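# Observations on the three-dimensional arrangement
Residue strings, one per chain:
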Amino acid sequence: MTEPIDLSGIHRELDQLKRHLCHCQLSGECLGCKGIEMIRQQLEAVTAAASQPVLLQVAQETAAKDMMDQFAKMQERLMGDPQIRHAAEAFQERLLEDPEARRMIEELMHRLGGPGDEAADSSS
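Residues numbered from 1 in each chain as written. Predicted model: local features only at pLDDT ≥ 70, side-chain atom pairs only at ≥ 80, totals over all residues. Heavy atoms only, no water.

### Considering the overall build of the chain
Across its full length, the chain holds 6 helices and 0 strands. Beginning at the N terminus, the succession of helices and strands in the chain can be written as α-α-α-α-α-α. Evaluated residue by residue, the chain yields a buried proportion of 14% over its 124 residues. By sequence separation, contacts in the chain at least 24 residues apart represent 27% of the contacts at least 6 residues apart. Surface summary for the chain: the accessible area is close to 10,300 Å², and the carbon and sulfur share equals 60%. (Helix = DSSP H or I, 4+ residues; strand = E, 2+ residues; numbered from the N terminus. Buried < 20%, exposed > 50% of the residue type's maximum accessible area, 1.4 Å probe, protein only. Contact = heavy atoms within 4.5 Å. Areas by Shrake-Rupley, 256 points an atom, 1.4 Å probe, with all protein chains shown as cover.)

Here is the structure:
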């Protein structure tokens, strides 16, 4: 098992940066405070994931792939039903009519490496 990684220096630097960016007297309400806390959480998550033994990482990736396969099979089965397929298409149309929802979906698809931009181009 690997030794725990000491993040105290990074946390000190984040706290100092937070004091410079803060506009709410460190109450956690401003964008500076929220952004630093988000970075802190991401740092801890990345450190924890990178500290795991390789076999555990492989097991987690395999479990995630299995879950995605199950979702894909469920989607295929559901889309085989004409009523469900029609309802899903109607939902998609209504969702894409909202510019903010459309932008969020495209951003999510881009982050996931999916066809966000292509989907937007084909529906325009």
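### As for a nonpolar patch on the surface
A contiguous nonpolar surface patch, about 530 Å² in accessible area, is contributed by Met-67, Met-68, Phe-71, Met-74, Leu-78 and Ile-84. Ranked by residue count, the leading element in the nonpolar patch is helix H3 (residues 54-79), at 5 residues. As for its position among the elements, Met-74 is in helix H3. (Patch = residues over 30% accessible without salt bridge, like charges linked within 9 Å, V, L, I, M, F, W, Y side chains within 5 Å. Salt bridge = Lys/Arg side-chain N within 4 Å of Asp/Glu carboxyl O.)

### Topic: the packing of helix H1 (residues 8-21) against helix H2 (residues 31-50)
Where H1 meets H2, the axes come as close as 9 Å, and the angle between the chain directions of the two elements is 165°. Looking at the two axes, H1 sits roughly antiparallel to H2. Along this stretch, H1 crosses H2, giving a crossing that reads as right-handed. Of the residues in H2, those in contact with Ile-10, His-11, Leu-14, Asp-15, Leu-17, Lys-18 and Leu-21 of H1 are Gly-32, Cys-33, Ile-36, Glu-37, Ile-39, Arg-40, Leu-43 and Glu-44. Residues of the contact of H1 with H2, tallied by class, amount to 8 nonpolar, 2 polar and 5 charged. (Axes fitted to C-alpha atoms, helices over the stretch in contact; angles between N-to-C directions. Parallel < 35°, antiparallel > 145°, perpendicular 65-115°, else oblique. Left-handed = near helix turned anticlockwise from the far one by under 90°. Nonpolar A, V, L, I, M, F, W, Y, C, P; charged D, E, K, R; others polar.)

### Structural notes on the packing of helix H4 (residues 82-97) against helix H5 (residues 99-111)
At a closest axis distance of 5 Å, the pairing of H4 and H5 adopts a crossing angle of 105°. In terms of orientation, H4 lies roughly perpendicular with respect to H5. Between H4, through Leu-95, Leu-96 and Glu-97, and H5, the contact on the second element is made entirely by Pro-99, Ala-101, Arg-102 and Ile-105. Its residues placed into classes, the contact of H4 with H5 shows 5 nonpolar, no polar and 2 charged.

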